[in-house]
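Spelled out, the chains give:
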Amino acid sequence: MRVLVLGAGYAGLTLARDLERRLPADADLTVVNDSPHHLVQHEVHRAIRRPAVADAIQVPLDEALDRAEVVVDRVTGVDRDARTVELADGDALDYDYCAVCLGAETAYYGIPGLESQSVPLKRVADAETVRRRFFDDCDEGGTVVVGGAGLSGVQVAGELAALRDEEGAHADIVLVEQLDAVAPSFDESFQRAVRDELLDRGVEIRTETTVESVTDATVQTDTGDVDYDLLVWTGGIAGDDAMGGERPAVRADLRLDRRTFVVGDAARAVDADGEPVPASASAALREAKTVAGNIAAQVEFETGGGENEFAPRPDPYRFEVPGWIVSVGDGAVAQVGPSIFRGKAAKAMKATVGAGHLTSVGAISRAVDLVDEELHA
């Protein structure tokens, strides 16, 4: 019996660690990831201003996992009929159960020039590129455009504004959003607090502005052109190439078929209440717990360890999170229930989020380092 976990982001690593504990001893567990490290994705923006944080937010998989076999390779395809996974090196892996946790890539929506002229922010190398380009092109005067005012775009804009102020640079930071508000998927009170935090840090906000094309010097929008020296694009997500660039739709049990699950940002999920699940680390972590239990129950049944003659019915996932939090440079905005927090309270909450995740995957020393970076930024 072989269980494959494809990807070791929030969903993949959490799922694999749970399966290490839940699967019977004779079941094989294999994790395939394109890097030997787990990345704390929602802290990558910190590496723009604090390169040393990269060490704290990358956890070696051989430290985080005990019994799982780790294969460092890129997944190029999933054949559900044959129950095989193709890898970039030409090998293929068979599976009895598979959890696709490949996350999502940056979406460019076919906008002319956008992909070739912009820098995404998905990996530490992207943060390094943004930092280098900032000092090369904007330190003595220039304009940074950040495309997309979701939580990622807000954090990037805030970090760049803080870097500018620390270095005494003369760059303008412009945040562009197609919809009518920053953090457009969230409550109005959260949106207002995030907007105020950005404005307090000297970020220019242009909402209701659609990017139509990009040249090497100009972002062309439906409200006018914006000349730029550095363009960072965080404006949306698309599926991994191994899934044909798609994020397949799954219901609350997160299954594509009886033996193949899709977890986290790799899927467009609807939960047990029929509500769409937002692409977020919070959802990915909780989905992984549900899927781990379902896979373990199926494996136990198939290997004869179950007490019933009928296959167990998979538990549905229900989206429930206590709130939301976003950093904006040295500040933060948090929502817990209906309450909105800014200032020291929000900053302290933000410091505990990444550290709490690192602790949950056994990286306690890295959690301490991250808290130090957050609180002493």
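Keep in mind that this is a model prediction, so the values were computed, not measured.

### With respect to the pairing of strand β15 (residues 218-221)
At step 1: Sheet topology note: the strand β14 (residues 211-214)/β15 ladder contains three bridges and is antiparallel. Bridge pairing links V211 to T221 in β15.
At step 2: Adjacent in sequence and paired antiparallel, β14 and β15 are bridged by three residues.
At step 3: Across four bridges, β15 lies against strand β16 (residues 224-227) in antiparallel orientation. Residue pairing in the sheet places T221 in a bridge with G224 of β16.

### Brief notes about the sheet that holds β16
At step 1: The sheet built from three strands is open, its strands ordered β14-β15-β16 with antiparallel pairing. Taken across any chain shown, the strands that pair with only one partner, and hence form the sheet edges, are β14 and β16. Neighbour-to-neighbour, the strand axes of the sheet open up by a mean angle of 25°, direction not taken into account.

### As for the domain arrangement of the protein
At step 1: Domain boundaries in the protein define domain 1 (2-34 + 73-104 + 239-304) and domain 2 (106-237 + 323-376).
At step 2: Inter-centroid distance (C-alpha atoms) of domain 1 to domain 2 is 29 Å.
At step 3: Every contact between the two is made by eleven residues of domain 1 and, on the other side, nine residues of domain 2.
At step 4: There are zero salt bridges connecting domain 1 and domain 2.
At step 5: Among the elements that make up the side of domain 1 that touches domain 2, the one with the highest residue count is helix α1 (residues 10-22) (four residues).
At step 6: Grouping the amino acids of the side of domain 1 that touches domain 2 by side-chain chemistry returns six nonpolar, two polar and three charged.

### As for the pattern of salt bridges
At step 1: A full pass over the atoms with the stated rule returns 25 salt bridges.
At step 2: A salt bridge links R46 to E159, with the nearest nitrogen and oxygen atoms 2.9 Å apart. In this pair, R46 sits in helix α2 (residues 46-49) while E159 sits in helix α7 (residues 151-167), placing the two residues 113 residues apart along the sequence. Of the two residues, R46 and E159, neither departs from the other in class, the shared state being buried.
At step 3: Between R49 and D330 there is a salt bridge, with its nearest N and O atoms 2.8 Å apart. A residue pair is termed long-range when its members are at least 10 positions apart, and R49 in helix α2 and D330 in the loop between β23 (323-328) and β24 (331-336) qualify at 281 residues.
At step 4: Judged by relative accessible area, which is 3%, R49 ranks as buried.

Basis of the calculations
Residues numbered from 1 in each chain as written. Predicted model: local features only at pLDDT ≥ 70, side-chain atom pairs only at ≥ 80, totals over all residues. Heavy atoms only, no water. Pairing = 2+ DSSP bridges. Helix = DSSP H or I, 4+ residues; strand = E, 2+ residues; numbered from the N terminus. Axes fitted to C-alpha atoms, helices over the stretch in contact; angles between N-to-C directions. Domains from an automatic or database assignment. Contact = heavy atoms within 4.5 Å. Salt bridge = Lys/Arg side-chain N within 4 Å of Asp/Glu carboxyl O. Nonpolar A, V, L, I, M, F, W, Y, C, P; charged D, E, K, R; others polar. Buried < 20%, exposed > 50% of the residue type's maximum accessible area, 1.4 Å probe, protein only.

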